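Observations on chain architecture
Here is how the chains run, residue by residue.
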Amino acid sequence: MRKNLEALIELQDIDWKLKELTDAKGDLPQKVESLSRRVQDARQNLQQLHDDKKEKNSRKATLDNDVVLFHENLKKYQNQLYHVKNNKEYDAITSEIDSTQEKIDQYEFESLEREEEVNEIEGNIKGAEETIQELQAELDKTNQFLKEMLVKTEDEERVLNEKRAPLLELLPRPILNHYERIRAGRGGMALAQLKDGACSECSAHIPSQRAMEIRMMNDFYLCEVCGRILVYRPDLVEKDDDGKE
Ligand SMILES: [Zn+2]
């Protein structure tokens, strides 16, 4: 049993370090994903604005073109006025002139409206480009940060997992399952140490008879309050804050 308990201690140390590495990455992966989506949306929006601008410009060009044609017609009608033979013809031509002039006014007005819309869209395009630039910069920065973190943790994780494998082989399945269950329910920490006559994790008092038994490391004892597996680690009293790196 002592061997099993010692293997569990080693396993818990490794698992704790693995948990710390995962915690260090934090929400960086999700952050990268959400920023990527926002950049994509912003680009789509920008494309839409460019399409709108193109459409308005093309509409304006058509209107301007028509206005030129109307002006030519107008000139023609005005020339014809000099050659009218009667009042009826005169009235017909003036009526054409009036309606053409009306169309010119209307088309010119519409053309101006399109121009204003294009100006507004250009402002929006500028804003959208700035937004994309800002988001992209933040995405690049976060991505770089995550990559560095992954490179840094990858090796550590590999080494830890290599050390972990033989322990999993060594430990009997029921003990391992029990350990994993407690670990999952107790924030990644399945073991607790006997420390100054108490449980190191929840501070529950441990009777001296039981404490003596735990010190022997010959059997499995669970803390009656937090349910963790109690072990005795005199090594931790000396090097409690044994910093890594
Ligand atoms: Zn406890």
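Look above for the structure.
As a starting point, this report considers the structure included with it. All residue numbers refer to position in the chain's written sequence, counted from 1. The predicted origin of the model limits local features to residues at a pLDDT of at least 70 and limits the giving and counting of side-chain atom pairs to 80 or more, whereas totals for whole chains, interfaces and linings rest on all residues. The side-chain numbers reported here are obtained from all heavy atoms of the structure, hydrogens and water having been left aside.

Take the nonpolar core next. Soluble globular proteins tend to pack their nonpolar side chains together in the buried interior. Leu-8, Leu-11, Leu-171, Leu-191, Ile-229 and Val-231 are the most contacted members of the largest nonpolar core, which has 20 residues in total. For helices the rule is a DSSP run of H or I covering at least 4 residues; for strands it is a run of E covering at least 2, with both sets numbered from the N terminus onward. Going through the elements one at a time, helix H1 (2–25), helix H3 (87–170), helix H4 (173–185) and strand S4 (229–231) are the ones with two or more residues in this core. We call two residues in contact whenever any of their non-hydrogen atoms come within 4.5 Å of each other. Not counting residues up to four positions away in its chain, the partners in contact with Ile-229 are Leu-5, Leu-8, Tyr-179, Ile-182, Ala-190, Leu-191, Ala-192, Phe-220, Tyr-221 and Leu-222. Counting residues in hydrophobic clusters, the runner-up holds 15 residues, among them Val-39, Leu-49, Ile-121 and Leu-139. We call a set of buried Ala, Val, Leu, Ile, Met, Phe, Trp, Tyr and Cys residues a nonpolar core when their side-chain atoms join them within 4.5 Å. The classification of residues rests on relative accessible area computed with a 1.4 Å probe and restricted to protein chains. Under 20% of the type maximum is buried, over 50% is exposed, and intermediate values are partly exposed.

All right, on to the coordination of the zinc ion then. Bound to the zinc ion on the protein side are Cys-199 (SG), Cys-202 (SG), Cys-223 (SG) and Cys-226 (SG), at distances that span 2.3 Å. As a rule, N, O and S atoms within 2.8 Å of a metal are its donors, except that Na, K and Ca use 3.2 Å; water is not among the atoms, so sites may look incomplete. In these descriptions, tetrahedral denotes four donors with every angle between 85 and 135 degrees, square planar four donors and octahedral six donors with opposite donors over 155 degrees apart and the rest between 65 and 115, and irregular any other case. Bound by four donor atoms, the zinc ion shows angles of 100 to 115 degrees at the metal and therefore tetrahedral coordination geometry. Summarised as a motif, the one-chain spacing of the donors to the zinc ion is C-x2-C-x20-C-x2-C. Judged by relative accessible area, which is 5%, Cys-223 ranks as buried.

Moving on, we come to unusual backbone geometry. Despite not being glycine, Ser-203 has its phi angle at roughly 65 degrees, a positive value. Along the chain, the position of Ser-203 falls in the loop between strand S2 (198–199) and helix H5 (208–216). In this model, Met-217 sits at a positive phi of 55 degrees, which is unusual for a non-glycine residue. Of note, Met-217 is situated in the loop between H5 and strand S3 (221–222). The exposure class of Met-217 is buried, given its relative accessible area of 4%.

Turning next to the sheet that holds strand S1 (residues 191–195). Hydrogen bonds along the backbone pair up the strands of a sheet, which may run parallel or antiparallel. Ordered in space as S2-S1-S4-S3, the four strands form an open sheet in which the pairing is mixed. Here the strands that pair on one side only, and so sit at the sheet edges, are S2 and S3. Two strands pair if DSSP finds at least two bridges between them. The pairing of S1 with S2 spans two bridges and is classified as antiparallel. The residue bridging Leu-194 from the neighbouring strand is Cys-199, located in S2.

A word on the pattern of salt bridges. Salt-bridge detection follows one rule: a side-chain nitrogen of Lys or Arg within 4 Å of a carboxyl oxygen of Asp or Glu. As enumerated under the stated definition, the model contains 20 salt bridges in all. Residue Arg-114 is joined to Glu-110 by a salt bridge in which the shortest nitrogen-to-oxygen separation is 3.3 Å. Taken together, the residues Arg-114 and Glu-110, both in helix H3 and four residues apart, mark about one turn of the helix. Both residues of the pair, Arg-114 and Glu-110, belong to the buried class. The structure contains a network of salt bridges with shared partners spanning Lys-56, Arg-59, Glu-110, Glu-113, Arg-114 and Glu-117.

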